[in-house]
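Report on the structure
Okay, here's what each chain looks like letter by letter:
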Amino acid sequence: MPYAGELAALGTAACWVATAVSFEVAGRRVGSLTVNLLRLVMAVGLLALANLLRRGLPLPTDASAHAWLWLSVSGLVGFTFGDLCLFRAFVVLGSRLSTLLMALAPPFTVILGLLLLGEVLRPVDLAGMALTVGGVAWAVADRRPRRALVAPTAVDRRARVQGVLLGLGGALGQAGGLVLSKLGMGSYDPIAATHIRVIAGTAGYVALFFVLGWWPKVRPALADRRALGFTALGAFFGPVVGVSLSLIAVQLVQAGVAASLMATTPILILPVAAWRGDRVGLGGVLGALVAVGGVILLFL
């Protein structure tokens, strides 16, 4: 199928829209970190069912030791480290600036893809990536918060630096998870490879909850049916469908190209934001148009 990898990457971005909306509702009710753990646990079960129906194997026992090693590291880097940094950055820095820093994930992916996979992008791909990432950043930056009434204190400045470092960690985790997935997957089944990543990410979160003593936060979440419903919806579109599409994308195209197309989620979510009553200014519209131009170049 022509452009299957590029279309899979755009499908990933579309899945992230549904995931973001679902997790926003669930996270407000029971907390984002609890939602992150529960969505991974749900995804392990959903992927086991999917692979049982598709391949007759509920667990990826046919994967090589090489695949298990690098896909597990990828799951820990992407799901545990990357997502933990991102969710913490949302709290410390705010969603707008955190999302803006996540626009650095595609350049990080290009660098790691060159170092670990030897991937070199064509000039037209680099131009498309620059336009796509620049357009996304422009659209996100257009959403400006109210001006503070008092000057920031030293504590505020330290928190801002911490938030920036956490946002960079989130972008690096996403990039590293994607490149390491391609390194470990090879020609192996992408959905089974996703299962390995999610198993490793779940194990990382379980260990984290034990170390930090967060288990008491889980019990109230299990009693909240609305939160569980939205978490299940987010798990389906996120770790199950979205991540599987992302691995199909990196299996078929260069990791930097796939990451750039996946980064269009803030553009795709603009109609949803407008429908929900959020302001979409001129910068958001122009940024979206620039990003679309970049996407077109990435398809050439």
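Quick summary incoming for the structure in this document. (Residues numbered from 1 in each chain as written. Predicted model: local features only at pLDDT ≥ 70, side-chain atom pairs only at ≥ 80, totals over all residues. Heavy atoms only, no water.)

1. Some remarks on the nonpolar core
Judged by nonpolar contacts, the single largest core of 28 residues is most densely connected at M185, Y188, V250, A258, L261 and M262. Broken down by element, this core gets its largest block of residues, five residues, from helix α11 (residues 255–262). Once residues within four sequence positions are removed from consideration, M262 is found in contact with A9, T12, A13, W16, L178, S246, A249 and V250. In this structure, V35, A43, Y205 and V243 belong to the second largest nonpolar core, which totals 22 residues. (Core = buried A, V, L, I, M, F, W, Y, C linked by side-chain atoms within 4.5 Å. Buried < 20%, exposed > 50% of the residue type's maximum accessible area, 1.4 Å probe, protein only. Helix = DSSP H or I, 4+ residues; strand = E, 2+ residues; numbered from the N terminus. Contact = heavy atoms within 4.5 Å.)

2. A few points about the packing of helix α10 (residues 225–252) against α11
Their axes nearest at 8 Å, the elements α10 and α11 cross at an angle of 145 degrees. With respect to the hand of their crossing, α10 and α11 are arranged in right-handed fashion. On α11, the residues touching S246, A249 and V250 of α10 are A255, A258 and M262. Counted by class, the contact of α10 with α11 contains five nonpolar, one polar and no charged residues. (Axes fitted to C-alpha atoms, helices over the stretch in contact; angles between N-to-C directions. Left-handed = near helix turned anticlockwise from the far one by under 90°. Nonpolar A, V, L, I, M, F, W, Y, C, P; charged D, E, K, R; others polar.)

3. Looking at α11
Within α11, eight of the eight residues are buried, which leaves the element mostly enclosed by the surrounding structure. Every buried residue of α11 is accounted for by A255, G256, V257, A258, A259, S260, L261 and M262.

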